[in-house]
Amino acid sequence: MFGSVFFGTARYSFLFWGDIMDKDIDLRDSEKLSAAYKTYAKGALMTQSRINLQIIKNIIKILFVPFAAWALIEFLVFKAEVQRFMFIIFLWIAVGTVLGGIFLLCMYGSLYKSFGKLLKIERSEGYGPRFYEEMENTKTSPCLMGDYYNLNGYADKALEKLGGIDPNIFVKNPSDAHLYYSALITALSLKGDRESAVRAYNSGLYYLKTYMNSPIYGDRISLSLAIYEYCGGNYETAARLTDNALRLVMASSKKKNRIPDEYFKSAALYWKAMCLASMGNKAAAREIIYSSREHYATDYYRKCFAKLFEDMANDDNRKNEVKNETIS
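Residues numbered from 1 in each chain as written. Predicted model: local features only at pLDDT ≥ 70, side-chain atom pairs only at ≥ 80, totals over all residues. Heavy atoms only, no water.

This brings us to the pattern of salt bridges. Evaluated as defined, the whole model comprises 11 salt bridges. The residue Asp 156 makes a salt bridge to Lys 191 at a minimum N-O spacing of 2.7 Å. A residue pair is termed long-range when its members are at least 10 positions apart, and Asp 156 in helix α9 (residues 155-162) and Lys 191 in helix α10 (residues 177-191) qualify at 35 residues. In this structure, the salt-bridge partner of Lys 157 is Glu 160, at a minimum N-O distance of 3.9 Å. Separated by three residues within a single helix, Lys 157 and Glu 160 lie in helix α9, roughly one turn from each other. (Salt bridge = Lys/Arg side-chain N within 4 Å of Asp/Glu carboxyl O. Helix = DSSP H or I, 4+ residues; strand = E, 2+ residues; numbered from the N terminus.)

The structure is reproduced here in C-alpha cells:
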C-alpha cells in the first residue's frame, strides 16, 4: 500500500474556476493553473507503468529540438540522403529512451535509498510500532503520514501532521490535494467531528471525486469517502464506496505487497460490515467478520471487528429478551 502510493508520481488537474477567480490571478497565471489542473486530472487515470512511459516520452520531447536541428542541417545544408535523415530520427528516439530509463533508475534509486527501510518493514511486518517509528525518521509526506496514522486509529496524530499543511497551496499546486483531504476527512470522522468533516469534504470534493477511481490512489480515497458517508448515515453509499476500494486494491495487488494489501482490505471490510449491520443485514456482516479473521489487520481494526461482533450479539440478546417478555 505504501509502495504503490509512494512510487506514484501522478500530478495536477482542472480547477474550480470560481475558487480561482476569487483570487487576484492574472490571465497568464490562469492559463498556467488551467494547464496544471488538466495534467492533474489526467494523472488520476494513470497506472505506475503509464507514468513511467510518460516520463520517457517527455524526455524524448525535450531532445526533439537539438535532434531536429541536426537533421535539418544534414538534410538542407549537407544535402544528406533520406536514409541519413531517418537515422537521426531513430537515434533521437533511442537516445531519449535510454536517457529516460536512466532517469527512472536514478529516481527510484534515490527514493529507495530514502524510504527502502520503511518499505521493507511495511511489506514484512505491516503497520506496527516499528513502521511508525521509521516513518517519523524519514521525509514521508505529511499527507501519507496522516493516512497511515488513520489506519491504526491514531486520528489525533493524523490531524497533528495534517495541521502543518496550508490547504491554500492546493489552489496553485494540487498535486497532493486528494491525499490531504482523504486523510483529513477520515481523521475528523474517526474523531466524531462531523461539522469539521463536512467542511473538509466540501473543500476537497473535487480532488476526492477526481481521484476516487485512480489505479494508484483510488482505494484509499474511496475508503475515506466511505467512512465519511457512513458517519453521515448514508450506509448504502458507504457500502458501494467500500466495494470500490476493495475492487481497486485487488486490481493492483501483488504478492510482495500481500501484508499491506491485507491490512487495507481488513479496514475496508470492517466498514463494509458496519454498513451491512447498520442496514439490518447482520448475517452478511458476521460473514465478513468470519472471512476477515485470516487476514492481516491493524490492532485498531481487530478491536473494531471484535466490538462490532459483540454489539451485534448484545443487540440480538436484547431483542430476544423483549420477544420472550412479550410472549410471557
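Bringing the environment of Leu 53 into the picture now. Examined against the element boundaries, Leu 53 turns out to sit in helix α4 (residues 48-62). Judged by relative accessible area, Leu 53 falls into the partly exposed class, the value being 45%. (Buried < 20%, exposed > 50% of the residue type's maximum accessible area, 1.4 Å probe, protein only.)

Attention now goes to the packing of aromatic side chains. Counting across every chain of the model gives 30 aromatic pairs. A ring pair is formed by Tyr 132 and Tyr 149, whose centres lie 5.2 Å apart and whose planes are at 15°; its orientation type is stacked. Linking Tyr 132 in helix α7 (residues 129-137) with Tyr 149 in helix α8 (residues 142-150), this pair joins segments that are 17 residues apart in sequence. One exposure class covers both Tyr 132 and Tyr 149, and it is buried. Here the aromatic rings of Tyr 300 and Tyr 301 are separated by 4.9 Å at their centres, their planes lie at 80°, and the arrangement is edge-to-face. Overall, the relative accessible area of 23% leaves Tyr 300 in the partly exposed class. Aromatic ring contacts, followed pair by pair, group Tyr 37, Tyr 40, Phe 170, Tyr 180, Tyr 181, Tyr 206, Tyr 207, Tyr 211 and Tyr 217 into a single cluster. When the ring centre of Tyr 228 is taken as reference, the NZ or CZ atom of Arg 194 above it lies at 4.2 Å. (Phe/Tyr/Trp six-rings, centres within 6.5 Å; stacked < 30°, edge-to-face > 60°. Lys NZ or Arg CZ within 6 Å of the ring centre and 35° of its normal.)

A separate point is helix α12 (residues 218-231). The end-to-end C-alpha distance of α12, which contains 14 residues, comes to 20 Å, matching closely the 20 Å that a straight helix rising 1.5 Å per residue would cover. Along α12, 13 of the 14 residues are buried, which leaves the element largely enclosed by surrounding structure. (Expected span 1.5 Å × (residues − 1).)

At a closest axis distance of 8 Å, the pairing of α12 and helix α13 (residues 235-251) adopts a crossing angle of 165°. Taken as axis vectors, α12 and α13 run roughly antiparallel relative to one another. Here the hand of the crossing between α12 and α13 comes out left-handed. Counting all contacts with α12, which are made through Gly 218, Asp 219, Ser 222, Leu 223, Leu 225, Ala 226, Glu 229 and Tyr 230, the residues of α13 involved are Tyr 235, Thr 237, Ala 238, Leu 241, Thr 242, Asn 244, Ala 245, Leu 248 and Val 249. Here the residues of the contact of α12 with α13 are counted per class, giving 10 nonpolar, five polar and two charged. (Axes fitted to C-alpha atoms, helices over the stretch in contact; angles between N-to-C directions. Parallel < 35°, antiparallel > 145°, perpendicular 65-115°, else oblique. Left-handed = near helix turned anticlockwise from the far one by under 90°. Contact = heavy atoms within 4.5 Å. Nonpolar A, V, L, I, M, F, W, Y, C, P; charged D, E, K, R; others polar.)

Structurally, Pro 260 is set in helix α14 (residues 258-278). Residue Pro 260 is classed as buried on the basis of its relative accessible area of 0%. Residues Pro 260 and Thr 298, 38 residues apart in the sequence, show an inter-C-alpha distance of 9.9 Å.

Below, the discussion takes up the side chain of His 178. Take His 178: it is sitting in helix α10. In this structure the side chain of His 178 is engaged in a polar contact, spanning 2.9 Å, whose partner is the side chain of Tyr 40. Setting aside chain neighbours within four positions, we find His 178 in contact with Tyr 40, Tyr 207, Leu 208, Tyr 211, Tyr 217 and Ile 221. (Polar contact = N/O pair within 3.5 Å; in protein donor to acceptor, adjacent residues only side chain to side chain.)

A separate point is the side chain of Glu 229. Along the chain, Glu 229 turns up in helix α12. Comment: no salt bridge for buried Glu 229; closest opposite-charge side chain is Arg 194, at 5.5 Å. Sequence-distant contacts of Glu 229, defined by excluding residues within four places in its chain, comprise Tyr 201, Asn 234, Thr 237, Ala 238 and Leu 241. (Lys, Arg positive; Asp, Glu negative; His and termini not counted.)

This next bit is on a nonpolar patch on the surface. Taken together, the side chains of Leu 72, Ile 73, Phe 75, Leu 76, Val 77, Val 82 and Met 86 make up a nonpolar region of the molecular surface, amounting to roughly 660 Å² of accessible area. Of all the secondary structure elements, the ones that give two or more residues to the nonpolar patch are α5 (64-77) and α6 (82-124). Broken down by element, the nonpolar patch gets its largest block of residues, five residues, from α5. Looking at the element boundaries, Phe 75 is found in helix α5. Residue class for Phe 75 comes out partly exposed when judged on its relative accessible area of 37%. (Patch = residues over 30% accessible without salt bridge, like charges linked within 9 Å, V, L, I, M, F, W, Y side chains within 5 Å. Areas by Shrake-Rupley, 256 points an atom, 1.4 Å probe, with all protein chains shown as cover.)

The subject of this paragraph is α7. Along α7, the residues classified as buried are Phe 131, Tyr 132, Glu 134 and Met 135. Taken around the axis of α7, the buried residues stretch over an arc of 165°, which confines them to a single face. Every exposed residue of α7 that faces more than 90 degrees away from the buried side is listed here: Pro 129, Glu 133 and Asn 137. Packing partners of the buried residues in α7 comprise α6 and α8. (Arc of directions from axis to C-beta.)

This brings us to a positive patch on the surface. Positive charge collects at one region of the surface, where Lys 38, Lys 42, Arg 50, Lys 57 and Lys 61 lie side by side. The set of elements that each furnish at least two residues to the positive patch consists of α3 (27-43) and α4. With respect to the secondary-structure elements, Lys 38 resides in helix α3. Accessibility expressed as a relative area gives 46% for Lys 38, which makes it partly exposed. (Charge placed at Lys NZ, Arg CZ, Asp CG, Glu CD.)

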